[in-house]
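Chain by chain, the residues:
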There are 2 protein chains.
Amino acid sequence: MTTTDTEKSLRLAAWAQNTAPSPMQDMLALTARPGLISFGLGLPNQELFPREAFAEASSSVLLNKPHTLQYGPAGVMHTLKASIAELMKGRGVSCTEEEIFLTTGAQQAINMLARLLLEPGGQVVTEEITYPGFLQVLEPFAPELLTVPTCPQTGMDVDAVEALLQAGKRPAFIYSITDGHNPLGSSMSREKREKLARLAREYGVPVVEDDPYGFLSYADVSLPPLKALESEWVFYAGSFSKILAPGVRIGWLIVPAALTQKLSVVKESYDINTANWSQHSVAHYMESGKLTGHLELLRREYSARRDTMLQAIASYFPAETRAEKPSNGMFLWAELPEWVDVPQLLRDAVEQKKVAFFPGQAFDTPGNTKGKHGMRLNFSNATHEQIETGIKGIGELIEAQRAALGQS
Amino acid sequence: MTTTDTEKSLRLAAWAQNTAPSPMQDMLALTARPGLISFGLGLPNQELFPREAFAEASSSVLLNKPHTLQYGPAGVMHTLKASIAELMKGRGVSCTEEEIFLTTGAQQAINMLARLLLEPGGQVVTEEITYPGFLQVLEPFAPELLTVPTCPQTGMDVDAVEALLQAGKRPAFIYSITDGHNPLGSSMSREKREKLARLAREYGVPVVEDDPYGFLSYADVSLPPLKALESEWVFYAGSFSKILAPGVRIGWLIVPAALTQKLSVVKESYDINTANWSQHSVAHYMESGKLTGHLELLRREYSARRDTMLQAIASYFPAETRAEKPSNGMFLWAELPEWVDVPQLLRDAVEQKKVAFFPGQAFDTPGNTKGKHGMRLNFSNATHEQIETGIKGIGELIEAQRAALGQS
């Protein structure tokens, strides 16, 4: 034997050695405390899940279709794809079933696209404040992030994207959360949508449009997704997590048909295929026609909660606070005065007021500090009463910080 | 504008540019033909799925537990982990809930471990004939495969593994399908299990034990998995796909507790978490105590089909055919005489006899041709009558090849 007496320790891949638990995980642990009002996570309201209709759909497919519990081909299920194509038509996107690829949620959709498009050390365009789950996807690639500014009203700075492309940059892709931005709540202006779609086409650089919130629109007139403006160079990721339920884990990609063959290889290597059972249950639910009414319910309920939260912020937060009214999604971004210590505010809020939110710095891309004075507030999960109580409590803690600092 | 007039085409990551559809995908397309008898894919028998009990479990959790459709923490669900720990105890593995990490099936479990353990270009020990879904996992890493011989009776050549380690190789991990090997059907001998567990410990090199078939044991006395022999350096991947249903997509890892924190970061970046709904439904089914009886049913039904297939092979295949009797799983490997053209046999079988199997070469690791004269036959999916008909048909085609070659 040539073994040594030195202690052996497990060797991890380099990228994994310093990987820390994500802020989302910390928040999940935090919000598990009983009685806590959570504006922290991006949770849909579980009281609104269509549980009975879904139980009916699930039982029906289980009892009538034995293959519901069998394996199926990766990314493919005819009836669900047909329903998704119909759903997308309502947003101005026309696509064939061959362009749709089914996934286990939008997170997997984005992950799989990154796997196909990105080389280790490659370049990606992202906003200075963005969804941390996307940065987690990128981590093993150690990419070069080309960050552009973003505006709480009109979204990503598309002129800055153009400048990068004009300077010769050819990133693997541009990442965009066009509607109901996580965490900013912003939706991109029409002019920016048109320009970004044009840039993708003209430079041959794909835009990955991450759109879990596009169907949760509270505006009288909602704008078309990028995918509706440019069919070839925009790769669209959709999800049933926010419009039906996250627990079913079904999402989809709309991409050029040639790419779905590559995606099926990645999908097989990841998890063989999405649960046939979930796919069939969602398809059955979609065919019942009940999603339309359910979306109307969600829009009504969530926009009312958003308004309650905005009103509470106006009542209890310092007058200098900037909070935009989001036209989509489930997040509201509040920009607090610079003298507020946001991480301390979170600790005090959890301990003293039993309320949680997400500190803005958790959404900064590496090297940026734009989120430092911000907070992301989820308005879909809590009741109106909880929103009133929670925002009031946070407001009192901000006033306490002001008093301690001697601010006037 | 600095755009050019040259045609723009999508750039894929280097590894993805030449990725071809997998043989599994071709087989799935092939077996979709109506009326085809399939020994090709690793399908459990869908007539045996406990659909009514499962529909009851699913409805019960949906109607009684609103959070069933909500997000949940990555890799964690208390009651399901408790049931899995109990299940593993029956195989001689004692583990805590902290060592269990829930995944979307064993494929994802293996993929996530590779992501954590393997560097691009790193080394992995594998058998010369192995599960292609594992090679798909490795593809983006372009690893150096250290292949060792494998025996249809006693499994992986563990002496060859020792020789690699003695020569100074320190692979990221050793990949082992200890029971009911896919595609060979072999189960590792007791002596080899003990030695491989010892090597892992002594050299500090993890063994990834991929065990979808260990619970489908047809022997009077089944051997313990490697994990029962070495708790720290064996990482165990289990699955409900073959013992309950693949359509639920639930699997698990048993690893040192420190690793589960890293796994949760990977899991979040992959797909946030496994469907809460599936997890709760499986947990509810497990708590009903019905899995024990279901496993007995599967063992009885599958071993009877295995025996029917072996009998048919003895009756209809050339006398020189070598076919081992597997003690676990759902595959039987037949080694045909060298004069048989196996790929041609498959084409003829599909066209003339409406029966499919998997040609052995699909399981060769790159550079090996040991599988050239073999065929993998799945015996769990077909009826006894289909097995008789299908094997007889293939036998006739082999005889036709013999006649055409003038073999005696």
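Right above here is the structure, for reference.
Computed from a predicted structure; not experimentally measured. (Residues numbered from 1 in each chain as written. Chains lettered and ligands numbered in written order. Predicted model: local features only at pLDDT ≥ 70, side-chain atom pairs only at ≥ 80, totals over all residues. Heavy atoms only, no water.)

*Asks:* Go over the overall build of chain A with me, naming the residues and quoting the values.
*Replies:* Helices and strands together make up the secondary structure of chain A, namely 14 helices and 15 strands. Its C-alpha atoms give chain A a radius of gyration of 22 Å, within 12% of the compact-globule value 22 Å for 408 residues. When its C-alpha atoms are laid out on the principal axes, chain A stretches across 65 × 60 × 60 Å. Here chain A holds 408 residues, and the buried ones make up 63% of them. Sequence-distant contacts, at least 24 apart, represent 75% of the contacts inside chain A between residues at least 6 apart. Carbon and sulfur atoms provide 50% of the accessible area of chain A, an area that totals close to 14,600 Å². Between the centroid of the 37 positive side chains of chain A and the centroid of its 46 negative side chains there is a distance of 1 Å. (Helix = DSSP H or I, 4+ residues; strand = E, 2+ residues; numbered from the N terminus. Rg over C-alpha atoms; globule rule 2.2 N^0.38 Å. Buried < 20%, exposed > 50% of the residue type's maximum accessible area, 1.4 Å probe, protein only. Contact = heavy atoms within 4.5 Å. Areas by Shrake-Rupley, 256 points an atom, 1.4 Å probe, with all protein chains shown as cover. Lys, Arg positive; Asp, Glu negative; His and termini not counted. Charge placed at Lys NZ, Arg CZ, Asp CG, Glu CD.)

*Asks:* Can you break down the sheet that holds strand β8 (residues 207–210) of chain A residue by residue, with the values?
*Replies:* All names here are of chain A. Strand order in the open sheet formed by seven strands is β2-β10-β9-β8-β7-β3-β4, with mixed pairing between adjacent strands. With partners counted over all chains shown, the strands left at the sheet margins are β2 (100–103) and β4 (144–148), one partner each. The average angle at which neighbouring strand axes cross in this sheet is 20°, direction not considered. One ladder, built from four bridges, connects strand β9 (residues 234–239) with strand β10 (residues 251–254); its direction is antiparallel. Residue pairing for β10: Tyr-236 is matched across the bridge by Ile-254. Against the sheet, helix α5 (residues 106–117) engages β2, β7 (173–176), β8, β9 and β10, with an angle of about 155° to β9. Lying over the sheet, helix α7 (residues 158–166) contacts β3 (123–127), β4 and β7, oriented at roughly 135° with respect to β4. (Pairing = 2+ DSSP bridges. Axes fitted to C-alpha atoms, helices over the stretch in contact; angles between N-to-C directions.)

*Asks:* Go over helix α14 (residues 384–405) of chain B, please, and point to the residues and values.
*Replies:* Residues and elements named next belong to chain B. Taking 1.5 Å as the rise per residue, α14 with 22 residues should run 32 Å; its terminal C-alpha atoms sit 32 Å apart, in good agreement. When α14 is considered as a whole, its buried residues turn out to be Ile-387, Gly-390, Ile-391, Gly-393, Ile-394, Gly-395, Leu-397, Ile-398, Gln-401 and Arg-402. Considering only its buried residues, α14 is in contact with β1 (37–38), α12 (290–316), α13 (342–353), β13 (355–356) and β15 (374–378). Where α14 ends, the next residue or the one after it, Gly-406, has phi of about 75°, a positive value. (Expected span 1.5 Å × (residues − 1).)

*Asks:* Account for the relation of the copies chain A and chain B, with residues named and values stated.
*Replies:* Each copy of the sequence occupies a distinct position, and chain A is placed on chain B by a rotation of 180° and an axial shift of 0.0 Å, giving an RMSD of 0.0 Å. On this basis, the relationship between the two copies can be described by a two-fold rotation axis. Of the C-alpha atoms belonging to chain A, the one lying closest to the rotation axis is found on Ser-59 of chain A, 3.4 Å away. Take the interface residues of chain A: 99% of them recur as interface residues in chain B, which is what a same-surface contact looks like. (Least-squares fit on C-alpha atoms with pLDDT ≥ 70 in both.)

*Asks:* An account of the packing of α5 of chain A against helix α10 (residues 257–271) of chain B is needed here, citing residue identities and associated values.
*Replies:* Helix packing geometry: the angle between the two helix axes and the distance between the axes. Across the interface, α5 of chain A lies against α10 of chain B with an axial gap of 5 Å and an inter-helix angle of 95°. The angle between the axes of α5 of chain A and α10 of chain B places the two elements in the roughly perpendicular class. Side by side, α5 of chain A and α10 of chain B meet where Gln-107, Gln-108 and Asn-111 of chain A of the first sit next to Glu-268, Ser-269, Tyr-270 and Asp-271 of chain B of the second. (Parallel < 35°, antiparallel > 145°, perpendicular 65-115°, else oblique.)

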